[in-house]
Amino acid sequence: MNLGLPSWHSLITRMVDHFGLDRSLLARADVTYQTVAEYFMIRGGDIRCLSSWLEADEQPNQERVRNSEIHRLIVALGFPVIYTTNYDRNLEVAFDVHGQNYVKITKPSDVVSAAEGHTQIVKFHGDFDDPASLVLSESHHFERLFFNSPLDVKLRSDALSRTILFIGYSMSDTNVRLLLYRLWRTWVDAGEVDQRPPLYVFTTDPNPIQEAVLSHWGIKVIGDGENDPGTALKIFLAKLEQEIREPLRAEDQAQPPSE
């Protein structure tokens, strides 16, 4: 959204308009965005139409991505693996415009062929280049709740050995909460919770009740309720970059000069 792409609400509104439905339906408590997407597909809405809508909003994206400080920071931080539930190509474009190598992973064979030493961009809910891979409707999300797709297995594997930082996800999202809970249960069932790598959630809407529940699951909440989401994220990533650079700078200064 910081790059001008439509929100979930905007996208779902287009689906409602596509079939001439009353927009007031979106205000009903028994209608979720995933349910509207399910209706869209049941009624014969072509998922390629969805891709066209989003791609039309996405163009031109290269200059916007180049000027996005958030995307520059994501690239500069050098995360070894990035999982994204976005369908667009903006992360890939960010790595391209800043001259950093990456591999895109959307299916099991991509994991096998991934080059070593490059950031992995895992398209967790699918990719525009493969419309059939998009996780969009209620049925799609229900299927992912089993947590046993190839990309789910990869995430579980990564979660066993890496520190994880969640950015941009609502803690009221059932899918996200179930994912966090199951990651916690993996360690509980193994009887080695104290060996678990740290897991953090960045949020711009701190909530003491949520923080207590997530803390019980071994998750540290990092919050900033003082700024709008885009500004808060930019400040947080900039601070993270500074924290990483300072030890590296000190280490370089401690090295003896080369002859």
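Let us look at the structure shown here.

Analysis parameters
Residues numbered from 1 in each chain as written. Predicted model: local features only at pLDDT ≥ 70, side-chain atom pairs only at ≥ 80, totals over all residues. Heavy atoms only, no water. Helix = DSSP H or I, 4+ residues; strand = E, 2+ residues; numbered from the N terminus. Rg over C-alpha atoms; globule rule 2.2 N^0.38 Å. Buried < 20%, exposed > 50% of the residue type's maximum accessible area, 1.4 Å probe, protein only. Contact = heavy atoms within 4.5 Å. Areas by Shrake-Rupley, 256 points an atom, 1.4 Å probe, with all protein chains shown as cover. Axes fitted to C-alpha atoms, helices over the stretch in contact; angles between N-to-C directions. Parallel < 35°, antiparallel > 145°, perpendicular 65-115°, else oblique. Left-handed = near helix turned anticlockwise from the far one by under 90°. Nonpolar A, V, L, I, M, F, W, Y, C, P; charged D, E, K, R; others polar. Pairing = 2+ DSSP bridges. Phe/Tyr/Trp six-rings, centres within 6.5 Å; stacked < 30°, edge-to-face > 60°. Lys NZ or Arg CZ within 6 Å of the ring centre and 35° of its normal. Polar contact = N/O pair within 3.5 Å; in protein donor to acceptor, adjacent residues only side chain to side chain.

## Quick notes on the overall build of the protein
Secondary structure summary: the protein contains 12 helices and six strands in total. Over its C-alpha atoms the protein spans a radius of gyration of 20 Å, differing by no more than 12% from the 18 Å that the globule rule assigns to 259 residues. By its C-alpha atoms, the protein is 75 × 45 × 45 Å across when sized along the principal axes. Counting the 259 residues in the protein, one finds 38% classified as buried. Counted over contacts in the protein with a minimum sequence separation of 6, partners at least 24 positions apart contribute 62%. A total accessible area of about 14900 Å² is found for the protein, and carbon and sulfur atoms account for 52% of it.

## Details of the packing of helix 9 (residues 150-161) against helix 10 (residues 174-190)
Interaxial distance between helix 9 and helix 10 falls to 11 Å at its minimum, and their mutual angle equals 55°. Comparing their axes, helix 10 and helix 9 come out oblique. The handedness of the crossing between helix 9 and helix 10 comes out as right-handed. Residue-level contacts link Leu155, Ala159 and Leu160 of helix 9 to Leu179, Leu183, Thr186 and Trp187 of helix 10. When grouped by side-chain class, the residues that make up the contact of helix 9 with helix 10 number six nonpolar, one polar and no charged.

## Things to note about the sheet that holds strand 2 (residues 102-105)
Ordered by their spatial adjacency, three strands build an open sheet running 1-3-2, and the pairing between neighbours is parallel. Across the chains shown, the open sheet's two edge strands, defined by having one partner strand only, are strand 1 (81-84) and strand 2. Ignoring which end each strand starts from, the neighbouring axes of this sheet average 20° apart. Against the sheet, helix 6 (residues 90-97) engages strand 1, strand 2 and strand 3 (119-123), with an angle of about 160° to strand 3.

## Concerning the packing of aromatic side chains
Tallied over the full model, the rule gives eight aromatic pairs. Measuring from centroid to centroid gives 4.6 Å for Phe202 and Phe236, while their planes differ by 20°, and the two rings are stacked. Of this pair, Phe202 sits in strand 5 (residues 199-203) while Phe236 sits in helix 12 (residues 229-254), and the two are 34 residues apart along the sequence. A relative accessible area of 15% means that Phe236 is categorised as buried. Counting every residue linked through ring pairs, the aromatic cluster contains Phe19, Tyr39 and Phe40. In this arrangement the basic side chain of Arg185 is found over the ring face of Trp184, its NZ or CZ atom lying 5.6 Å from the centre.

## Here's the deal with the environment of His216
Structurally, His216 can be placed in helix 11 (residues 208-216). In this structure the C-alpha to C-alpha distance between His216 and Arg43, which are 173 residues apart in sequence, comes to 43 Å.

## Observations regarding the sheet that holds strand 4 (residues 164-167)
The strand order 4-5-6 describes an open sheet built from three strands, whose pairing is parallel. Since the sheet does not close on itself, it has two edges, and those belong to strand 4 and strand 6 (219-223), each with one partner. This sheet shows a mean twist of 20° between the axes of neighbouring strands, independent of strand direction. Pairing between strand 4 and strand 5: four bridges, direction parallel. What sits directly across from Phe166, in strand 5, is Val201.

## Digging into the side chain of Asp127
Here Asp127 lies in the loop between strand 3 and helix 8 (138-144). A polar contact is formed between the side chain of Asp127 and the side chain of Lys123, at a distance of 2.6 Å. Discounting chain neighbours no more than four positions away, the residues touching Asp127 are Tyr87, Glu92, Lys104, Thr106, Ser133 and Leu134.

## Some details on the environment of Ser157
Looking at where Ser157 falls in the secondary structure, it is placed in helix 9. For the pair formed by Ser157 and Asn227, sequence separation is 70 residues and the distance between their alpha carbons is 35 Å.

All quantities given are derived from atomic positions and should not be read as evidence of function.
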